[in-house]
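Structural description and commentary
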Amino acid sequence: PGDLIFIPGGNPHAVRNLADIHAMSMNFVDPSNYWLYLLTQVQGESYRAFELFTTEEFRQGLKTSQETVTLGEWKSTDWHQETLDLACPTCAD
């Protein structure tokens, strides 16, 4: 109970649950799959999605002092005001 598994983008995987469970699956973009996501958007001709992730509005980087927050705290945080002190090594400057 309470386990979380992170599977980096592009990695094939499967799940077999041995008991009834409640699960949540989310696809998200982070430094590990940023370029893969952009490639799939162009290949799928989803140019608007591509544009959304290549503007200056899309923050690239991580906050090393990030602590666990609730969903409500996460939603109410103004992430554009947060200082990201760990640059994304594969993202463009």
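Analysis parameters
Residues numbered from 1 in each chain as written. Predicted model: local features only at pLDDT ≥ 70, side-chain atom pairs only at ≥ 80, totals over all residues. Heavy atoms only, no water. Helix = DSSP H or I, 4+ residues; strand = E, 2+ residues; numbered from the N terminus. Buried < 20%, exposed > 50% of the residue type's maximum accessible area, 1.4 Å probe, protein only. Contact = heavy atoms within 4.5 Å. Areas by Shrake-Rupley, 256 points an atom, 1.4 Å probe, with all protein chains shown as cover. Phe/Tyr/Trp six-rings, centres within 6.5 Å; stacked < 30°, edge-to-face > 60°.

Time to look at the overall build of the chain. Helix and strand counts for the chain come out as 3 helices and 0 strands. Across the 93 residues in the chain, those meeting the buried criterion constitute 11%. Considering only contacts in the chain between residues 6 or more positions apart, those separated by 24 or more positions represent 46%. Total accessible area on the chain is roughly 8,400 Å²; 55% of this is exposed by carbon and sulfur atoms.

This part covers the packing of aromatic side chains. In total, this model carries 2 aromatic pairs according to the counting rule given. Between the aromatic rings of tyrosine 34 and tryptophan 35, the centroid separation amounts to 5.1 Å while the plane-to-plane angle is 80°, which identifies the pairing as edge-to-face. Its relative accessible area of 5% is what places tyrosine 34 among the buried residues.

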